[in-house]
Amino acid sequence: GRVEHVNPDGTFKLVIEFSEEYPNKPPTVRFLSKMFHPNVYADGSICLDILQNQCSPTYDVCSILTSIQFLLDEPNPNSPTNSQAAQLYQNKREYEKRVPAIVEQSWNDS
């Protein structure tokens with residue numbers, strides 16, 4: 001299914017794909033919108049423990065989306081997948097200057 005993550009500033013589209021092994025195996029989640037974030041790969045895949053090794057049948061779609069939303073607000077610099085974004089995140093002010101451009105782009109994409 002397709003879901004849109006909406007925060008007060010931007011709308012970011014993502015796709016969630018479930019295998020037959022769900023809920024024992026996590027769904028595949030990736031952003032369709034262009035992202036600039038320390039924990040999002042160039043192809044939109046997300047580096048998040050509950051989508052990898054910490055998966056459990058107790059995590060439903062709602063808790064997965066909540067975790068992604070939290071990750072967007074609070075990046076994990078210890079597990080970077082976008083080195084440029086992670087580097088910039090060390091200087092919060094520079095990072096926060098760059099993010100609005102991505103947010104603005106999300107308006108055009110939606």
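Residues numbered from 1 in each chain as written. Predicted model: local features only at pLDDT ≥ 70, side-chain atom pairs only at ≥ 80, totals over all residues. Heavy atoms only, no water.

**Some points on the overall build of the protein**
Alright, step 1. Looking only at helices and strands, one finds three helices and three strands in the protein.
Alright, step 2. In terms of overall size, the protein behaves like a compact globule, its C-alpha atoms giving a radius of gyration of 14 Å where 110 residues would be expected to give roughly 13 Å.
Alright, step 3. Here the C-alpha coordinates of the protein stretch approximately 40 × 30 × 20 Å along the principal axes.
Alright, step 4. In the protein, which comprises 110 residues, the proportion classed as buried is 35%.
Alright, step 5. Partitioning the contacts of the protein with sequence separation of at least 6, the portion at a separation of at least 24 is 53%. (Helix = DSSP H or I, 4+ residues; strand = E, 2+ residues; numbered from the N terminus. Rg over C-alpha atoms; globule rule 2.2 N^0.38 Å. Buried < 20%, exposed > 50% of the residue type's maximum accessible area, 1.4 Å probe, protein only. Contact = heavy atoms within 4.5 Å.)

**Considerations on the UniProt feature "active site" (unreviewed entry) in the protein**
Alright, step 1. Sites flagged by UniProt as "active site" (unreviewed entry) map to Cys47.
Alright, step 2. Residue position: Cys47 is located in the loop between strand E3 (28-31) and helix H1 (61-73). (UniProt positions renumbered as here; feature names shortened; annotations may be inferred.)

**Some remarks on the nonpolar core**
Looking at soluble globular proteins, one finds that nonpolar side chains tend to be buried together.
Alright, step 1. In this structure, Val29, Phe31, Ile46, Leu48 and Ile68 are the most contacted members of the largest nonpolar core, which totals 21 residues.
Alright, step 2. Look past the residues within four positions of Ile46 in its chain and what remains in contact with it is Val29, Phe31, Asn39, Tyr41, Leu51, Gln52, Ile68 and Leu71. (Core = buried A, V, L, I, M, F, W, Y, C linked by side-chain atoms within 4.5 Å.)

**Digging into the packing of aromatic side chains**
Alright, step 1. Going through the model one piece at a time under the given rule, you end up with three aromatic pairs.
Alright, step 2. Summarising the aromatic geometry, the rings of Phe18 and Tyr22 are spaced 4.7 Å apart at their centres and angled 70° between planes, so their arrangement reads as edge-to-face.
Alright, step 3. Phe18 gets classed as partly exposed once you look at its relative accessible area, which sits at 40%.
Alright, step 4. The exposure class of Tyr22 is partly exposed, given its relative accessible area of 27%.
Alright, step 5. An aromatic cluster of three or more residues is present, and its members are Phe36, Tyr89 and Tyr95.
Alright, step 6. For Arg98, the ring lying beneath its charged end belongs to Phe36, and the centroid distance is 4.0 Å. (Phe/Tyr/Trp six-rings, centres within 6.5 Å; stacked < 30°, edge-to-face > 60°. Lys NZ or Arg CZ within 6 Å of the ring centre and 35° of its normal.)

**Considerations on the pattern of salt bridges**
Alright, step 1. Going through the model one piece at a time under the given rule, you end up with one salt bridge.
Alright, step 2. Residue Glu94 is joined to Lys97 by a salt bridge in which the shortest nitrogen-to-oxygen separation is 3.1 Å. Of the two residues, Glu94 and Lys97 both sit in helix H3 (residues 92-109), three residues apart, roughly one turn of that helix.
Alright, step 3. Classification of Lys97 as exposed rests on a relative accessible area of 56%. (Salt bridge = Lys/Arg side-chain N within 4 Å of Asp/Glu carboxyl O.)

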